[in-house]
Amino acid sequence: MTYALLMALLPIALLIALGAWLKHRQFVADSFWPQAERLGYYVLLPSLFFHGLATAKLDGVPVKGMISALVLSTVAVAILVIVTRALVKGDDAAFTSVFQGGVRFNNYVGVSAAAGLFGAQGIALAAVANAAIVPTVNILCVLVFAWYGSAGRMSLGKVLRQLAINPLVVACFAGITLQALGTGLPPGIEPLLKALGQASLPLGLLCVGAALELGSVRQWLRPVGYASVVKFLIMPVVTLYACHLFGLDGKAAIAALLFQALPTASSSYIMARQLGGDAPLMAGIIACQTVLAAVALPVAVIALTPLI
């Protein structure tokens, strides 16, 4: 288990390091990075979510129990982070990054680790986890940005409009709708969306590396520490209780724990940049959690699995 998790984390850490090196060496113009972030947010990430949710294979998976446990645990922890806002020093923009660091997850690591642990069944379990968590966290994050983002607090109407036009939220619900209808994607469109989605992962991580400001490491300690405690300790424990509540056990419960103990996603940085969060802090949280996950992720999953 530990080996599979480490092998899923290694390319992520290397891509972040490569992005930092490219920025340091000025391999591309500084104007490249904002355009890459925009491309990721409006085209590549929506393609990833839409394709993944629309084409997921859910045969033989306890869909209802798994979705219930994952959604409940995600919402519960999100509320806890908001209630304990005072524990996070910094402005509201910084809090949006801590929030994302506590609730978002890295799809790439999750799918790779689940496949390494359970083979084809792991991919099916990962598909259900994505279907449950991706739309949930994107809605929660849009709501948090609407309240705490640099643009200021929005009215209910503006919040609903943000949800309705957010490309990640729209892509999630479009993918779930196609999955429910069972129509699938047209032959020519499916490989296009798959290719675009695959491009989002390396490009997003390169942007994270380029945004790292290592001179601000000391300022990261408290927010990174808080977000990581939430991500690697509180979220898995709450998920364990949710699994018991909904009678989820076996491989499905282990997969649920795995996905809820993942480091935060590179899409967190893209969202922070586009919606008025603290993007440099978000990049720091992503980089630090990716490194910490080499120890924290196996420990969390191995320690809690016997309690399922």
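Bear in mind the structure is a predicted one, so any value in this text is a computation, not a measurement.

Let us now look at the overall build of the chain. Counting secondary structure elements, the chain contains 13 helices and 0 strands. In the chain, the order of α-helices and β-strands from amino to carboxyl end is α-α-α-α-α-α-α-α-α-α-α-α-α. Against the globule reference of 19 Å for 308 residues, the chain gives a C-alpha radius of gyration of 18 Å, in line with a compact fold. Its C-alpha atoms give the chain principal-axis dimensions of roughly 50 × 45 × 45 Å. Evaluated residue by residue, the chain yields a buried proportion of 52% over its 308 residues. In the chain, 85% of the contacts between residues at least 6 apart in sequence involve partners at least 24 apart. Of the accessible surface of the chain, which amounts to about 13300 Å², a share of 68% is contributed by carbon and sulfur atoms.

Quick look at the packing of helix 2 (residues 32-54) against helix 9 (residues 189-211) now. Axis separation between helix 2 and helix 9 bottoms out at 7 Å; the angle between their running directions is 140°. Between helix 2 and helix 9, the angle is such that the two are oblique. For the crossing formed where helix 2 meets helix 9, the hand is left-handed. Taking contact as the criterion, the partners of Phe32, Trp33, Ala36, Glu37, Leu39, Val43, Leu44, Leu45, Ser47, Leu48, Phe50 and His51 in helix 2 are, on helix 9, Glu190, Leu193, Lys194, Leu196, Gly197, Ala199, Ser200, Leu201, Leu203, Leu206, Cys207 and Ala210. Grouping the amino acids of the contact of helix 2 with helix 9 by side-chain chemistry returns 17 nonpolar, 4 polar and 3 charged.

With that out of the way, let us pick up the packing of helix 2 against helix 12 (residues 267-275). At a minimum axis separation of 9 Å, helix 2 and helix 12 run at an interaxial angle of 115°. In terms of their interaxial angle, helix 2 and helix 12 are classed as roughly perpendicular. Considering the relative orientation of helix 2 and helix 12, their crossing is left-handed. Residues Glu37, Arg38, Gly40, Tyr41, Tyr42 and Leu45 of helix 2 form the contact with helix 12, whose participating residues are Ser267, Tyr269, Ile270, Met271, Arg273, Gln274 and Leu275.

A low pLDDT score tells you not to read the predicted coordinates there in detail. Averaged over every residue, the pLDDT of the chain is 85; residues scoring 70 or more account for 95%. Here helix 7 (residues 156-165) stands out as the least confident element of the chain, with mean pLDDT 74; helix 3 (residues 63-83) is the most confident, with 94.

Together, Tyr3, Leu6, Met7, Leu10 and Leu14 line one region of the surface with nonpolar side chains, adding up to about 500 Å² of accessible area. Along the chain, the position of Leu14 falls in helix 1 (residues 2-24). Leu14 gets classed as exposed once you look at its relative accessible area, which sits at 52%.

The rules behind each value
Residues numbered from 1 in each chain as written. Predicted model: local features only at pLDDT ≥ 70, side-chain atom pairs only at ≥ 80, totals over all residues. Heavy atoms only, no water. Helix = DSSP H or I, 4+ residues; strand = E, 2+ residues; numbered from the N terminus. Rg over C-alpha atoms; globule rule 2.2 N^0.38 Å. Buried < 20%, exposed > 50% of the residue type's maximum accessible area, 1.4 Å probe, protein only. Contact = heavy atoms within 4.5 Å. Areas by Shrake-Rupley, 256 points an atom, 1.4 Å probe, with all protein chains shown as cover. Axes fitted to C-alpha atoms, helices over the stretch in contact; angles between N-to-C directions. Parallel < 35°, antiparallel > 145°, perpendicular 65-115°, else oblique. Left-handed = near helix turned anticlockwise from the far one by under 90°. Nonpolar A, V, L, I, M, F, W, Y, C, P; charged D, E, K, R; others polar. pLDDT = per-residue confidence, 0-100. Patch = residues over 30% accessible without salt bridge, like charges linked within 9 Å, V, L, I, M, F, W, Y side chains within 5 Å. Salt bridge = Lys/Arg side-chain N within 4 Å of Asp/Glu carboxyl O.

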